[in-house]
Amino acid sequence: MLANLDLGVIVSSLPYLFGQGMVFTVTLTALAATMGVVLGTLLAILRLSGIPGVWHLAKGYVELMRSLPLVLVIFWFYFLVPYIGAWATGSPTPIQVGAFASALITFTMFEAAFFAEIMRAGIQSIPKGQTAAALALGMTRAQVMRTVVLPQAFRNMMPLLLTQTIILFQDTSLVYVLSLTDFLGAASKVAQRDGRLVEMYLFAAVVYFLICFMASALVRRLHSRVAIVR
Amino acid sequence: MTSTPIPAPDAPEPHSGPDPALADEGLAKGPLIPPSKAASGEPMIAIDGVSKWYGAFQVLTDCTTRVSKGEVVVVCGPSGSGKSTLIKCVNALEPFQKGQISVDGTKVKDRSTNLPKLRSRVGMVFQHFELFPHLSITDNLTIAQRKVLGRSGEDAKRRGLDLLARVGLSAHAEKFPGQLSGGQQQRVAIARALAMNPVVMLFDEPTSALDPEMVGEVLDVMVELARDGMTMMVVTHEMGFARKVADRVIFMDRGEIVEDATKDDFFGQPRSPRAQQFLSKILSH
Amino acid sequence: MNYNWNWGIFFEPSPEGAGTYADMLLSGLLWTILTALASWVIAFCLGSIIGVMRTLPSRAAQAVGTAYVELFRNVPLLVQMFLWYFVLPELLPAELGSRIKQLPNAPFYTAVICLGFFTAARVAEQVRAGIQALPRGQRLAGTAMGFTVAQTYRYVLLPNAYRIILPPMTSEFLNNLKNTSVALTIGLLELTARARSMQEFSFQVFEAFTAATILYVMINVVVIVAATLLERSLSIPGQR
């Protein structure tokens, strides 16, 4: 019952939980979000390119990722990445990549599909007149995309991109299935070592809640500011 | 604007003029205007010192007026003058903080008043029709009769279709609102309100969302209704309608009733400069 | 690359005794579908109630609805899964707690409840958005005809709101279906878990995951086709 909660176990494990676990979680989230947005934007452009074969591939990739559970994708990449590494380097045996690198590749590739859908909507939301005007000024298609369309699309979609990043932050907890030490993984290890599941999991829930709640409140404020400017 | 007693049914009904069968029956199956408590002299709607605020902003200031049984009162005024808000106070769609309104003797602002019951006796027609888009025209006409008044499906349908014929749209009973023009939708909305046997009808700018060529068909139905003796409170800019059937005209500005006069007085010599200004503006085009 | 492909593996008997590896995956698929459907029932009903609460005039109802959504949306699903499975029984009276732990199929019931409550928050957001997307006059018109608040929702607002939100609700249904795989952490033998154990027993990693992938894609296609048919049958003549 709640009366015999042991808060000491939380306090004594704080350095481990945050120094290792949370650092892992935040680093993974930040890197995967950055790379995911870049890759996602690229996928979105390819999908909208209309080049036969290319846009089909981009669409197929996005749809495939979106129809699979993240847990399965984590397993896929965990086993696939060593083989891809071997193929890329010409090595005869699968290349061992670190657990962090494997997780980073997985989340980048997976979230890119979701970022791609956001960026596609963002690009499509820019009026055709903008492109026409830029082309009329003599810009190339690539220049139009880089200097006119993408900056506006990013700006409009920023709240959605950030919301997706909060989801990514929560999703990184699934590296638990690879026994990695992210924040939840750290909490879980302490919980099992000391037999203090109730304290550790409740504490983890509270920490995740506070971070995500405050982050989404910030995104909402940003959203209303963007909405006013437009 | 024509003065045909009943609007001609829409195409594709292949006959001219009112359907004789329907004209014969008229509304014989139940009176259009049900008996009310408001005996001779007692007002159907009594608005007494009504004030309303949105936060610190006052939208209605001490509004007082009476509408007698069978009377047609047109409420006009510039936009933002509070006329729509006032009419929505009558059936408590908008709450008000001060004053009282009685409809047929029932107090609107009273904890013991059964508001759904009161509202079911007050018909309302909205600017944007507000037919229920997922229901067929017949279902739109019958749903409240069945669910609020507890009429049987058969009775409700009979009454609904009678009224649909009255507004000249029998051919469209099985269609959905999205398949009708704006003018047709508004006529259905009037029939839907009438199907509840209201003692009073409220109209909130019933023609201002319509394309100009559809205004006439809706006004014709309203004129007909007025001539049948329905008690009506109508927010509108259609001064032609006011001249034709209104008994009184109320002019509102900035939340106040500035002028409350008989039709002839109002159009003859409006007393307040604000009303004069409004009239000259609205009649000049 | 020196990976030894062996597509015949599916027809070899699994080490569990009964049946082949293919049977193992299909039983996983069945649990995935069962968990997804059962939790969706909870999510749909509870989510509709919460979503409606957020649109009611009552401040208290709005606050309860908002609190629910924020709570369940801001904690990772995996953490919620652990709270239901490991923590809740400990917080209940000892007797009840141990009875829950000994329940046969405890992972299944836990997963259904956890996913139901989790997805309800997302359904609630869709329902709220759908109701708020309707013209304000619809609520007024219902009220003016004498409908009570409940009748206005039942006959006017909800039938239209559900139609509007059918496409995003389909996505939520699919998300819920994919999220069932998170329950492998508490021991639910659903499709991903079965693919994983096939990989562990047989070492045929990619065959196992390819099969699971194809099955997930197939469910997605079936659901999307079904949703399209549903949308068509619910479409109203003359609208859009």
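Conventions and cut-offs
- Residues numbered from 1 in each chain as written.
- Chains lettered and ligands numbered in written order.
- Predicted model: local features only at pLDDT ≥ 70, side-chain atom pairs only at ≥ 80, totals over all residues.
- Heavy atoms only, no water.
- UniProt positions renumbered as here; feature names shortened; annotations may be inferred.
- Contact = heavy atoms within 4.5 Å.
- Buried area = accessible area lost by both parts, 1.4 Å probe.
- Salt bridge = Lys/Arg side-chain N within 4 Å of Asp/Glu carboxyl O.
- Polar contact = N/O pair within 3.5 Å; in protein donor to acceptor, adjacent residues only side chain to side chain.
- Helix = DSSP H or I, 4+ residues; strand = E, 2+ residues; numbered from the N terminus.
- Nonpolar A, V, L, I, M, F, W, Y, C, P; charged D, E, K, R; others polar.
- Pairing = 2+ DSSP bridges.
- Domains from an automatic or database assignment.
- Core = buried A, V, L, I, M, F, W, Y, C linked by side-chain atoms within 4.5 Å.
- Buried < 20%, exposed > 50% of the residue type's maximum accessible area, 1.4 Å probe, protein only.

You'll find chain C entered in an unreviewed UniProt entry as Glutamate ABC transporter permease, with Methylobacterium oxalidis given as the organism. Under Sequence similarities (unreviewed entry), UniProt gives the following word-for-word description of chain C: "Belongs to the binding-protein-dependent transport system permease family. HisMQ subfamily."

Labelled according to an unreviewed UniProt entry, chain B appears under the name Amino acid ABC transporter ATP-binding protein, originating from Methylobacterium oxalidis. Under Sequence similarities (unreviewed entry), UniProt gives the following word-for-word description of chain B: "Belongs to the ABC transporter superfamily."

Undergrad: So what exactly am I meant to see when it comes to the interface of chain C and chain B here?
TA: Interfaces are often sized by the amount of accessible area the parts lose when they come together. The interface of chain C with chain B comprises 23 residues on the first partner and 24 residues on the second. When the two sides are added together, the surface that chain C and chain B hide from each other amounts to roughly 2,000 Å², 68% of it contributed by carbon and sulfur. Taken as a group, C:Ala144, C:Met145 and C:Tyr155 account for 29% of the area that chain C buries against chain B, more than any other trio of residues on that side. The tally of links between chain C and chain B comes to 1 salt bridge. Taking the shortest distance from any N to any O, the salt bridge between C:Arg136 and B:Glu94 comes out at 3.8 Å. Counting across the interface, chain C meets chain B through 6 residue pairs in polar contact (both at pLDDT 80 or more). Only α6 (136-144) and α7 (149-164) of chain C provide two or more residues apiece to the side of chain C that touches chain B. Of all the elements, α6(C) adds the most residues to the side of chain C that touches chain B, at 8 residues. Classifying every residue of the side of chain C that touches chain B gives 11 nonpolar, 10 polar and 2 charged.

Undergrad: What is the right way to read the sheet that holds strand β5 (residues 106-107) of chain B from this model?
TA: Where strands meet in a sheet, backbone hydrogen bonds hold them as pairs that are either parallel or antiparallel. Residues and elements named next belong to chain B. Pairing in this open sheet of 4 strands is antiparallel, and the strands run β2-β1-β4-β5 from one edge to the other. Strand pairing shows two members of the sheet lacking a second neighbour, β2 (57-68) and β5, which therefore form its edges. With 5 bridges joining them, strand β1 (residues 43-54) and strand β4 (residues 98-103) adopt antiparallel strand pairing. Of the residues in β4, the one forming a bridge with Ile47 is Ile101.

Undergrad: Can you walk me through the domain arrangement of chain B in this structure?
TA: All names here are of chain B. The domain architecture assigned to chain B consists of domain 1 (49-121 + 199-283) and domain 2 (135-198). Here the C-alpha centre of domain 2 lies 24 Å away from the C-alpha centre of domain 1. Between domain 1 and domain 2, the contact holds 17 residues from the first and 16 residues from the second. Along the contact surface separating domain 1 from domain 2 lie 2 salt bridges. Between the two partners, domain 1 and domain 2, sit 4 residue pairs in polar contact (both at pLDDT 80 or more). Looking at the side of domain 1 that touches domain 2, the elements that each hand over two or more residues are β7 (200-204) and α7 (212-227). Its residues assigned to classes, the side of domain 1 that touches domain 2 shows 12 nonpolar, 1 polar and 4 charged.

Undergrad: Looking at this model, I keep getting lost on the nonpolar core. Mind explaining?
TA: Considering soluble globular proteins, one finds that nonpolar side chains tend to be buried as a cluster. One finds B:Ile45, B:Ile101, B:Leu202, B:Met233 and C:Phe209 to be the most contacted residues of the largest nonpolar core, which totals 159 residues. A total of 11 residues in this core trace back to one element, the largest contributor, which is helix α3 (residues 70-89) of chain A. For this core, the two domains that each supply at least three residues are domain 1 (49-121 + 199-283) and domain 2 (135-198) of chain B. In this view, B:Leu202 contacts B:Ile45, B:Ile87, B:Val90, B:Asn91, B:Val122, B:Gly123, B:Met124, B:Val125 and B:Met233; residues no more than four positions away in its chain are not counted. Counting 50 residues, the second-largest nonpolar core is a separate cluster that includes B:Leu210, B:Phe241, B:Ala246 and B:Ala261.

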